[in-house]
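# Understanding the architecture of this molecule
Letter by letter, the chains look like this.
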Amino acid sequence: MNRNCSTRFLLGKLLKSQNSISTACSSVDVVLGGGIETGYITEISGESSMGKTQFCFQLCVNAQLPPQLGGLDAEVIFVDTEKTFSSDRLIEMINTTLRENKGGENLMQGRDINHFLSNLYVFRCIEAVELLAVVHQLSEFVKNHPKVRLIIIDSIAHTIRSEELTTKTRIMLNIVQKLRELTMHTNIGVVVVNQVTTRFHKDGTSSIIPALGETWSYVPAVKILLRREAGSRFAILTKSPTRPPGKARYEITSGGIRDHKPQTTSSSSRHHTVMASPSRNIELQNISRQCLALSQHVIDSNPTCDGEEVSSHQMMTSFVDDSDFEVCSRAKRQRMDHDGLRSVKSH
């Protein structure tokens, strides 16, 4: 069997084991082919107030639902880098989800607010070294929590965007290697929120693109851009290994992410008020001191390859190549498919 055939065989085998998590918006789910798929790194980007964090909260809830209701009956890790995590908002979404699924008492048996909150593990990372440490810590954490099927990082850009170029690239290389290992070997889905920036073109036009530049752009297997058009919110699928590009309209309601509904005179009734629940703080997970020390060493040290210092340009060149992901060791090389989603050992 030649390399191309063996690669296709391995990828096909991996694809069969994937599952998806509903976004609670059926039109977005259709575009995505069922929802957010596990086994991939998915990027959600967009301008402020487009609902990136709201999508993440919705996924925190929906991932815990039974498969019959669009979930995986799973646990979730939420890495908060912007101090945007809100247990009050999450509880509001949980209450709506419980109310909407009252008809399926058997499926929802045993699920209440405490159930949803106890299956969510929150890490708070303010500095780049903390984010890197948590990503290194995830492998061991998921071993001890085998029901984790979704990891959310909100956001990937916030802690590292201001770092010097070489340091930023080195941090991203480490983060990507660890996240790829998780998606490959554990069939966990990783959702990363990214900020956006403006790209100016030679013809004088401009466009909104995800931040972190070309270095990062090859990393996510699936890319979703949230954008406002003619006063409405749209989720635009710009990259996927299994789906064509597409877009869907969505709304942010008191209950979470939902399908767009035409404006009517009684439309305000659909934004029902959710009964208030007592505010509850979710206990933050501890960041391993050992991982912090390792991460600080990674940030402070210059990478070498066989004793030779690797420049920022060399790291970026090897990193952005969507055919081969270079590791700083000539003894190790991985062959990746065009979208950078899966890797198999090269011969």
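Below you will find a few notes about this structure. Computed from a predicted structure; not experimentally measured. (Residues numbered from 1 in each chain as written. Predicted model: local features only at pLDDT ≥ 70, side-chain atom pairs only at ≥ 80, totals over all residues. Heavy atoms only, no water.)

Attention now goes to the overall build of the protein. Counting secondary structure elements, the protein contains 10 helices and 18 strands. Sequence separation of at least 24 residues holds for 68% of the intrachain contacts in the protein that already meet a minimum separation of 6. Element-wise, carbon and sulfur atoms account for 49% of the exposed surface of the protein, whose accessible area totals about 16800 Å². (Helix = DSSP H or I, 4+ residues; strand = E, 2+ residues; numbered from the N terminus. Contact = heavy atoms within 4.5 Å. Areas by Shrake-Rupley, 256 points an atom, 1.4 Å probe, with all protein chains shown as cover.)

Once that is clear, we can look at the sheet that holds strand E13 (residues 256–259). One open sheet accounts for 9 strands, arranged E5-E4-E6-E7-E3-E10-E11-E12-E13; its pairing is mixed. The two strands at the open ends of the sheet, each matched to only one other strand, are strand E5 (120–124) and E13. Here the average twist between neighbouring strands, direction ignored, is 25 degrees. Examined bridge by bridge, strand E4 (residues 75–80) and strand E6 (residues 148–154) share 6 bridges and lie parallel to one another. Bridging across to E6, Val76 finds its partner in Leu150. (Pairing = 2+ DSSP bridges. Axes fitted to C-alpha atoms, helices over the stretch in contact; angles between N-to-C directions.)

This part is about helix H9 (residues 289–300). For H9, with 12 residues, the first-to-last C-alpha span of 16 Å sits near the 16 Å given by 1.5 Å per residue. For H9, every residue scored as buried is listed here: Cys291, Ser295, Val298 and Ile299. What you see down the axis of H9 is that its buried residues fit within an arc of 95 degrees, all on one side. In H9, those exposed residues whose orientation departs by more than 90 degrees from the buried face are Arg289, Gln290, His297 and Asp300. (Expected span 1.5 Å × (residues − 1). Buried < 20%, exposed > 50% of the residue type's maximum accessible area, 1.4 Å probe, protein only. Arc of directions from axis to C-beta.)

When you line up the elements, His115 lands in helix H5 (residues 113–118). Since its relative accessible area comes to 22%, His115 is described here as partly exposed. Leave out the neighbours within four places in its chain, and His115 touches Gln64 and Gly110. In this structure the side chain of His115 is engaged in a polar contact, spanning 3.2 Å, whose partner is the side chain of Asn119. (Polar contact = N/O pair within 3.5 Å; in protein donor to acceptor, adjacent residues only side chain to side chain.)

What follows concerns the nonpolar core. Among the nonpolar cores identified, the biggest contains 46 residues, and Phe78, Leu90, Leu120, Ile152, Ile224 and Tyr250 are the most heavily contacted of them. A per-element tally of this core places helix H3 (residues 52–62) first, with 6 residues. With 38 residues, the next largest nonpolar core counts Ile188, Val219, Cys291 and Val298 among its residues. (Core = buried A, V, L, I, M, F, W, Y, C linked by side-chain atoms within 4.5 Å.)

Tallied over the full model, the rule gives 6 aromatic pairs. Between Phe123 and Phe141, the aromatic rings sit 5.4 Å apart at their centres with planes inclined by 75 degrees, giving edge-to-face as the arrangement. A residue pair is termed long-range when its members are at least 10 positions apart, and Phe123 in strand E5 and Phe141 in helix H6 (residues 128–144) qualify at 18 residues. Here Phe123 falls in the buried class, since its relative accessible area comes to 1%. Taking the relative accessible area as the measure of exposure, Phe141 reaches 9% and is therefore buried. Grouped by ring-pair contacts, the aromatic residues Phe57, Phe78 and Phe85 constitute a single cluster. The ring of Phe234 carries the charged tip of Lys247 above its face, separated from the ring centre by 4.9 Å. (Phe/Tyr/Trp six-rings, centres within 6.5 Å; stacked < 30°, edge-to-face > 60°. Lys NZ or Arg CZ within 6 Å of the ring centre and 35° of its normal.)

In terms of burial, strand E3 (residues 41–46) is a largely internal element, 6 of the 6 residues being buried. Bridge count between E3 and strand E7 (residues 189–194): 5 bridges; the pairing is parallel. Counterpart to Glu43 in the pairing with E7 is Val192. Where E3 and strand E10 (residues 222–229) come together, 5 bridges link them in parallel fashion. Looking across to E10, one finds that Glu43 is bridged to Lys223.

So, on to the pairing of E10. Note that E10 and strand E11 (residues 232–239) share 7 bridges and pair antiparallel. Bridge pairing in E11 links Leu225 to Ile236. Remark: 2 residues form the turn of the hairpin made by E10 and E11, two consecutive strands paired antiparallel; Ala230 in that turn has positive phi of roughly 50 degrees.

So, about unusual backbone geometry. Outside of glycine, negative phi angles account for most residues, and trans bonds account for most peptide bonds. A cis geometry characterises the amide bond from Asp154 onward to Ser155, with omega recorded as 5 degrees. Structurally, the position occupied by Ser155 is in the loop between E6 and helix H7 (165–186). One non-glycine residue, Ala24, lies in positive phi territory at about 75 degrees. A relative accessible area of 23% places Ala24 in the partly exposed class. The phi torsion at Leu212 lies on the positive side, around 80 degrees, for a residue other than glycine. Along the chain, Leu212 turns up in the loop between strand E9 (206–210) and helix H8 (213–217).

Moving on, we come to the environment of Gly35. In this structure, Gly35 sits in the loop between helix H2 (26–32) and strand E2 (36–37). On the basis of relative accessible area, Gly35 is assigned to the buried category, the value being 4%. Expressed as a C-alpha distance, the spacing of Gly35 and Thr23, which sit 12 residues apart in the sequence, is 5.9 Å. If we skip the residues at most four places from it in the chain, Gly35 touches Ser20, Ile21, Ser22 and Asp29.

Interpretation in functional terms is not warranted from these geometric data alone.
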